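Understanding the architecture of this molecule
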Amino acid sequence: MAPKKAKRRQQQGEGGSSNVFSMFEQSQIQEYKEAFTIIDQNRDGIISKDDLRDVLATMGQLNVKNEELEAMVKEASGPINFTVFLTMFGEKLKGADPEDVIVTAFKVLDPEATGSIKKELLQELLTTQCDRFTPEEMTNLWAAFPPDVAGNVDYKNICYVITHGEEKEE
């Protein structure tokens with residue numbers, strides 16, 4: 001009887017990664033597979049320190065310390081094959097609040113319910129409160145979510161990307 005209970009718990013997601021593929025839509029799994037293939041530079045099915053060093057070099061990061069690469073690889077419990085890679089992303093996404101909770105938090109800053117807030121307000125809050133954004137992080141944010149001509153930022157799109165990892169297709 002005990003082995004069946006343990007198996008059922010694992011299938012329900014307690015302590016096991018056996019159901020990691022059910023956490024994502026098929027299109028997301030395909031995107032993660034493409035990313036995995038890009039990172040797995042030597043095509044052996046495992047992401048290693050050398051793979052990380054090579055892919056970072058192709059993105060212009062040439063002087064990555066060995067300790068940094070080791071720390072990245074040690075985030076996994078063992079060799080990083082595709083299932084482990086997907087599990088790592090699932091664990092990172094699991095900690096995010098649901099989209100409606102994040103949207104509700106933004107609505108406090110949007111009393112007219114327009115779906116957007118002023119860039120200046122968002123920048124002030126993100127650079128002066130709690131876990132403050134650096135200037136580089138702000139540059140990256142505006143590159144990913146450029147304000148409209150009136151200086152407004154679509155916070156619903158930001159919330160969608162935080163919780164789904166990709167922009168909505170209009």
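As annotated in an unreviewed UniProt entry, the protein chain is EF-hand domain-containing protein from Zoarces viviparus.

Our focus in this paragraph is the overall build of the protein chain. Each helix and strand in the protein chain was counted, giving 9 helices and 2 strands. For the protein chain, the N- to C-terminal ordering of α and β elements is α-α-α-α-α-α-β-α-α-β-α. Counting only residues that meet the buried cut, the protein chain has 26% of its 170 residues in that class. Here the analysis covers contacts within the protein chain between residues at least 6 apart in sequence; of these, 52% occur between residues at least 24 apart. Carbon and sulfur atoms form 53% of the exposed surface of the protein chain, whose accessible area is close to 11,900 Å².

The next thing to look at is the pattern of salt bridges. Summed over all chains, the structure comprises 1 salt bridge. Note that Glu70 and Lys49 form a salt bridge whose closest N and O atoms lie 3.3 Å from each other. With a gap of 21 residues between them, Glu70 in helix 4 (residues 66-74) and Lys49 in helix 3 (residues 49-58) connect regions that are remote in the sequence. By relative accessible area, Glu70 is classed as partly exposed at 30%.

Side chains of Val108, Leu109 and Leu121 sit close together on the surface and give an oily, nonpolar patch of about 240 Å² of accessible area. You can call Val108 exposed: its relative accessible area is 66%.

Further remarks concern the confidence of the model for the protein chain. For the protein chain, per-residue confidence averages 83 on the pLDDT scale, and residues scoring 70 or more make up 84% of the total. Predicted confidence for residues 1-17 stays below pLDDT 50, and this span has 6 contacts to residues more than four positions away or in other chains.

Next up on the list: unusual backbone geometry. Look at Arg43: it is not a glycine, yet its phi comes out positive at around 55°. You can see Arg43 is positioned in the loop between helix 2 (26-39) and helix 3. Residue Arg43 is classed as exposed on the basis of its relative accessible area of 52%. Residues other than glycine seldom take positive phi values, yet Ala113 does so here, at roughly 55°.

Conventions we followed
Residues numbered from 1 in each chain as written. Predicted model: local features only at pLDDT ≥ 70, side-chain atom pairs only at ≥ 80, totals over all residues. Heavy atoms only, no water. Helix = DSSP H or I, 4+ residues; strand = E, 2+ residues; numbered from the N terminus. Buried < 20%, exposed > 50% of the residue type's maximum accessible area, 1.4 Å probe, protein only. Contact = heavy atoms within 4.5 Å. Areas by Shrake-Rupley, 256 points an atom, 1.4 Å probe, with all protein chains shown as cover. Salt bridge = Lys/Arg side-chain N within 4 Å of Asp/Glu carboxyl O. Patch = residues over 30% accessible without salt bridge, like charges linked within 9 Å, V, L, I, M, F, W, Y side chains within 5 Å. pLDDT = per-residue confidence, 0-100.

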